[in-house]
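Tertiary structure, described
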Amino acid sequence: MSDSPIIDLNSDEHFMRQALREAEKAYRKDEVPVGAVIVKDGRIIGRAFNQVEELRDATAHAEMLSLTQAQDAMDDWRLTDCDLYVTKEPCPMCAGAIVHCRIRRVIFGCRDAKGGAAGGFTNLLQVPTLNHHSDITPGLLEDESKAMLKSFFLAAREASAARKKLVAPEGGEEQG
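Okay, so let's go over this structure. Throughout, residues of each chain are indexed from 1 in the direction in which the sequence is written. Two thresholds apply to this predicted model, a pLDDT of at least 70 for residue-level local features and 80 or more for giving and counting side-chain atom pairs, whereas whole-chain, interface and lining totals are computed over all residues. With hydrogens and water excluded, all non-hydrogen atoms of the structure serve as input to the side-chain values.

Here we take up the sheet that holds strand β4 (residues 105–110). Between any two strands, pairing holds if DSSP finds at least two bridges. Think of it this way: any DSSP run of H or I at least four residues long counts as a helix, any run of E at least two long counts as a strand, and we number them from the N terminus. Pairing is mixed across the open sheet formed by five strands, whose spatial order is β2-β1-β3-β4-β5. Edge strands, defined here as strands with exactly one partner in the open sheet, are β2 (43–49) and β5 (135–137). Strand after strand, the sheet turns through a mean of 15° between neighbouring axes, direction not considered. Two strands pair when backbone bridges link them, and strand β1 (residues 35–40) and β2 are joined in this way by six bridges, in the antiparallel orientation. If you follow K40 over to β2, its bridge partner there is R43. Here a residue-residue contact requires only that any non-hydrogen atoms of the pair lie within 4.5 Å. Note on method: axes are straight lines fitted to C-alpha atoms, helices fitted across the in-contact stretch only, with angles between N-to-C directions ranging 0 to 180 degrees. Helix α5 (residues 142–166) rests against β3 (82–88) and β4 of the sheet, and its axis sits at about 60° to β4.

This is the structure in structure tokens:
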């Protein structure tokens, strides 16, 4: 029998599972299911999920909200010794904030080839001319992250198609 613990509470997988829990909260609120946690010295100091629709705020991405929480916890905007775990590759807005906050490492689930800014579409986290660069660990629990997003968008498309079927082609009145 090994002396190592059964569950390593300081492992990347543990913290990514916490981010997936946040993504599930977003899913239940009909938000794009992305979750994020920020960790310093093995302790979560920020956690959030997408709340764009609920807050009616285009900047209310999981990463942005978790950065704000972490800055409050640290009483500093600099998060130099912190790691960000997020279920989907950060967008350009979030990547810019990550660089400015000086996050040490970004660990994410699934890539975003169309809009990701950590190597999927572009890489803003490691632009040579910027004063900070974040290390990147892609693909952690990728299948779980991707499955949640696919399920969400499939349900959204089905709901949209069902709403369109209820609308009459001429006057826009519901059929009953």
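Bringing the pattern of salt bridges into the picture now. Salt bridges, as used here, are contacts in which a Lys or Arg side-chain nitrogen is within 4 Å of a carboxyl oxygen on Asp or Glu. The tally for this structure, following the rule as stated, stands at twelve salt bridges. Of the charged contacts in the structure, one is a salt bridge between E54 and K29, with a shortest N-O distance of 3.4 Å. Of this pair, E54 sits in helix α2 (residues 52–55) while K29 sits in the loop between α1 (12–28) and β1, placing them 25 residues apart in sequence. K29 sits in the partly exposed class, given a relative accessible area of 45%. Any residue under 20% of the maximum accessible area for its type is buried, any over 50% is exposed, and the rest in between are partly exposed; the area is computed with a 1.4 Å probe on protein chains only.

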